[in-house]
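Each chain, letter by letter, is given below.
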Amino acid sequence: MRAVVQRVAEAAVTVDGETVGAIEGPGLCVLVGVTHEDTPENAAQLARKLWSVRLFDNGETELSCSDLNAPLLVISQFTLYGDARKGRRPTWNAAAPGPLAEPLVDTVVTELRALGATVETGRFGADMKVSLVNDGPFTVLLEI
């Protein structure tokens, strides 16, 4: 699994003009990609990492979402496994198909909520519009 994690002051995702998920920060906007070999254990591991990784700073110490009870906006994004090394058109061969990917993204969300996180989501497979205010800017790539 792969996640692009952005520390945000706020973030929202809309589908057909309807806001389907939104958070007020400090928090994280997380784009999650799934590949063919990923498992529910990978999804649970990613959730634990997202909840505990120290990406916030209060001037004295580094803090995690769990320390701040910071919300997360989790959005599926198969294009994280796009490959544009050859030619002019990316391939998506490494991205898992929807029937494999959707339950694993759902597992990330379920596991985060079980840890105590406030989680909002996008809508799997939809044409989503994501807006955010990146705090920093601060963006990291996590791979499990």
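Use the structure listed above.
Starting from 1, residues in each chain are numbered consecutively following that chain's sequence as written. Only residues with pLDDT of at least 70 get local features here, since the model is predicted, and only at 80 or more are side-chain atom pairs given and counted; chain-wide, interface and lining totals rely on the full set of residues. Note: side-chain values were computed over all heavy atoms of the structure, leaving out hydrogens and water.

Caption draft 1: Summary view of the sheet that holds strand β2 (residues 18–33). The 5 strands lie next to each other as β6-β5-β2-β1-β7, forming an open sheet whose pairing is mixed. The open sheet has two free edges, formed respectively by β6 (119–121) and β7 (128–143), since each of these has just one partner strand. For this sheet the average axis-to-axis angle between neighbouring strands, irrespective of direction, equals 30°. Pairing of strand β1 (residues 2–15) with β7 involves 12 bridges; the strand directions are antiparallel. The residue bridging V8 from the neighbouring strand is N134, located in β7. In this scheme, strands are said to pair when DSSP sees at least two bridges between them. Each helix is a run of DSSP H or I of at least 4 residues and each strand a run of E of at least 2, with the numbering of both proceeding from the N terminus. Orientation is described by axes fitted as lines to C-alpha atoms, over the contacting stretch for helices, and by angles from 0 to 180 degrees between their N-to-C directions.

Caption draft 2: View of the pattern of salt bridges. Salt bridge criterion: a side-chain nitrogen from Lys or Arg within 4 Å of a carboxyl oxygen from Asp or Glu. Evaluated as defined, the whole model comprises 5 salt bridges. In this structure, E143 engages R2 in a salt bridge whose closest nitrogen and oxygen atoms are separated by 3.2 Å. One end of the pair, E143, is in strand β7; the other, R2, is in strand β1, with 141 residues separating them in the sequence.

Caption draft 3: Main features of the side chain of N42. Structurally, N42 can be placed in helix α1 (residues 40–52). Note on exposure labels: buried denotes an accessible area under 20% of the residue type's maximum, exposed denotes more than 50%, and partly exposed covers the range between, all computed with a 1.4 Å probe on protein chains only. Look at N42 and you get buried, because its relative accessible area is 16%. A contact between two residues is defined here by any heavy atoms of the two lying within 4.5 Å. Beyond its immediate chain neighbours, meaning those up to four positions away, N42 contacts M1, E37 and I144.

Caption draft 4: Structural view of the packing of aromatic side chains. Only centres within 6.5 Å qualify two rings of Phe, Tyr or Trp (six-membered ring in Trp) as a pair; their planes then separate them into stacked at under 30 degrees, edge-to-face at over 60, and tilted for everything else. Evaluated as defined, the whole model comprises 1 aromatic pair. Aromatic side chains F78 and W92 sit 5.4 Å apart centroid to centroid with 75° between the ring planes, which places their arrangement in the edge-to-face category. You can see F78 sitting in the loop between β5 (72–76) and α3 (98–114) and its partner W92 sitting in the loop between β5 and α3, a full 14 residues away along the chain. Accessibility expressed as a relative area gives 37% for W92, which makes it partly exposed.

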